[in-house]
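Observations on the model geometry
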Amino acid sequence: MATKKIFIEACFGRETEYTPVWLMRQAGRYLSEYMAVRKKAGSFLDLCHNPELSAEVTLQPVDILGVDSAILFSDILVVPNEMGMELNFLTGEGPQFSKPLQTDEDLENLDMSASQKLNYVYETIKIVKNKLPENKALIGFAGSPWTLATYMIEGEGTKTYSKVKKVIYQNPDYMHKLLNKLSIVVEEYLENQIKAGADAIQIFDSWASALEESAYFEFSWNYMKKISANLKKKYPEIPIILFPKGIGAYLDKIDGDFDVFGVDWGTPMRLAHEKLGDRYVLQGNLEPSRLYSREAIDSGIDEILKITNGKRHIFNLGHGMLPDLDRENVKYLVKLVQNKTRKK
Ligand code: CP3
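In what follows, the accompanying structure is described. From a predicted model like this one, the values you see are computed outputs, not experimental measurements.

**Quick notes on the pattern of salt bridges**
Tallied over the full model, the rule gives 15 salt bridges. Note that Lys129 and Asp199 form a salt bridge whose closest N and O atoms lie 2.9 Å from each other. With a gap of 70 residues between them, Lys129 in helix H7 (residues 119–131) and Asp199 in the loop between helix H10 (172–196) and strand E5 (200–205) connect regions that are remote in the sequence. Overall, Lys129 belongs to the partly exposed group, its relative accessible area being 27%. Exposure remark for Asp199: the relative accessible area of 11% places this residue in the buried category. Lys253 is the salt-bridge partner of Glu213, the closest N and O atoms lying 3.1 Å from each other. Pair noted here: Glu213 is in helix H11 (residues 213–234) and Lys253 is in the loop between strand E6 (240–244) and strand E7 (260–262), with a separation of 40 residues, a long-range link. Several salt bridges share partner residues, and in doing so they unite Glu191, Lys195 and Lys234 into one network.

**Considering the side chain of Ser54**
Examined against the element boundaries, Ser54 turns out to sit in helix H4 (residues 51–65). With residues up to four places along the chain from it excluded, the contact list for Ser54 reads Leu47, Cys48, Phe73 and Thr124.

**A look at the site of the ligand**
Around the ligand, the structure places 22 residues, and the nearest of them are Arg29, Tyr34, Arg38, Asp75 and Ser206. Within the backbone of Arg25, a nitrogen or oxygen atom sits 2.7 Å from an oxygen atom of the ligand. Interatomic distance of 2.5 Å between a side-chain N/O atom of Ser206 and an oxygen atom of the ligand. Taken by itself the ligand offers 880 Å² of open surface, and the protein chains cover 87% of this. When its residues are assigned to classes, the shell around the ligand shows 13 nonpolar, five polar and four charged.

**Brief notes about the packing of H4 against H7**
At their nearest, the axes of H4 and H7 sit 8 Å apart, and the two run at 50 degrees to each other. With respect to H7, the element H4 is oriented oblique. The handedness of the crossing between H4 and H7 is right-handed. Between H4, through Pro51, Glu52, Ser54, Ala55, Thr58 and Leu59, and H7, the contact on the second element is made entirely by Tyr120, Glu123, Thr124, Ile127, Val128 and Lys131. Partitioned by chemical class, the residues of the contact of H4 with H7 number six nonpolar, three polar and three charged.

**Some details on the environment of Thr341**
Residue position: Thr341 is located in helix H14 (residues 327–341). In this structure, the C-alpha to C-alpha distance between Thr341 and Lys311, residues 30 residues apart in sequence, is 9.6 Å. In contact with Thr341, other than residues within four places in its own chain, are Glu17, Tyr18, Thr19 and Leu305. Within the structure, Thr341 has its side chain in polar contact with the backbone oxygen of Gln338 (distance 3.5 Å).

The rules behind these values
- Note that residues are indexed from 1 along each chain, following the sequence as it is written.
- Confidence filtering applies because this is a predicted model: local features only for residues at pLDDT of at least 70, side-chain atom pairs given and counted only at 80 or more, and all residues used for totals across whole chains, interfaces and linings.
- Think of the side-chain values as coming from all heavy atoms in the structure, minus any hydrogens and water.
- The salt bridge definition used is simple: a Lys or Arg side-chain nitrogen within 4 Å of an Asp or Glu carboxyl oxygen.
- Numbering of helices and strands runs from the N terminus; a helix is a DSSP stretch of H or I covering at least four residues, while a strand is a stretch of E covering at least two.
- For each residue, the accessible area found with a 1.4 Å probe, counting protein chains only, is set against the maximum for its type, and the residue is called buried under 20%, exposed over 50%, and partly exposed in between.
- Contacts were defined at the residue level, with two residues in contact if any of their heavy atoms lie within 4.5 Å.
- We call a residue near a molecule or strand whenever a single non-hydrogen atom of that residue lies within 4 Å of it.
- Polar contact is defined as a pair of N or O atoms within 3.5 Å, subject to the rule that within protein one atom must be able to donate a hydrogen and the other to accept it, and that residues adjacent in sequence are counted only when both atoms are side-chain atoms.
- For every accessible area listed, the method is Shrake-Rupley and the probe measures 1.4 Å; residues are considered covered only by the protein chains on display.
- In this classification, the charged set is Asp, Glu, Lys and Arg, the nonpolar set is Ala, Val, Leu, Ile, Met, Phe, Trp, Tyr, Cys and Pro, and all remaining amino acids, among them Gly, are polar.
- Only the contacting stretch of a helix is used when fitting its axis, a line to C-alpha atoms as for every element, and angles between N-to-C directions run 0 to 180 degrees.
- Just so you know how the angles are binned, under 35 degrees is roughly parallel, over 145 roughly antiparallel, 65 to 115 roughly perpendicular, and the rest oblique.
- Left-handed describes a crossing in which the near helix is turned anticlockwise from the far one by less than a right angle; the clockwise case is right-handed.

Right, here's the structure in full:
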């Protein structure tokens, strides 16, 4: 019989020997080993394009931290990049598209065969799966259509979302056309990741909180929900995690065919547990900045575990890891969660 993966068991709400833990952005700059590989690759995007080196940094947190799951090393923005949009990562400033979407022609020109051009990602998955211990899982991922569309229209990170909001309120048809195109490509991309060996899928909706309630469901959640439902129909054995960041006030309206709800740190775990805990396994949600202090880690873990009580829960941060964290504190967190929740 094949060795069970504790993370996958937990995604389906089955009892596990302890609560599995992994951390969003667990591969990255706070690890000197990551910095060394990125240097060898040349740049961040060169690293994403290199399957051998991407596989190496995917596996680093499993070896160094002892987390229960690896997450594919890549970026959500390789998808619009392969749809034909030139992308640069400027040091200290984050991602930037040189020609953001503006016209109908820009929309027409998007390359709908992008999922076939992402072979370097599928290669990375195959290499990781060959090296990953059998009891650990590999999570594949994509950005939600809304979060990708925001980057494609704004061209970079934004505080006001003014360009993309102008589109949703002045020209909603344009937005829906773009979201439909992205949904097709993202679904194909995730299906290819599953075929390459991904054991679970997470969809990141990092800019969810930019939208008022009705707009959120119209322009984001409904698209994520559809992608998830389509994948679940074809691959019921692959757990799907949806992570909409910052929509704690809309939990009453959350529904759909997926397995795990990612709770961000701004949404109290108590509230998520009360509203969604009987329908979905919950993942999260330690405030990432608690990693700056061991006392803050201790009390943060206790608060979360008191609510979840070792059931239907995957431990994670409530958003990504910060670059200047002390790795020893990260190791401390992982061990502590696994030990505190271990059933004797
Ligand atoms: O979690 C992991 O370890 C897997 C790898 C991963 C990265 N990006 C690597 C990365 C994942 C899952 C992502 C997802 C991603 N990328 C999201 C969604 C999650 C979230 O944080 O909300 C978003 C919004 C992006 C877009 C993106 N990529 C931004 C805004 C930035 C710059 C911000 C920053 O932290 O510098 C990136 C760059 C990026 N993606 C880095 C890493 C490790 C840092 C690049 C570097 O090495 O310099």
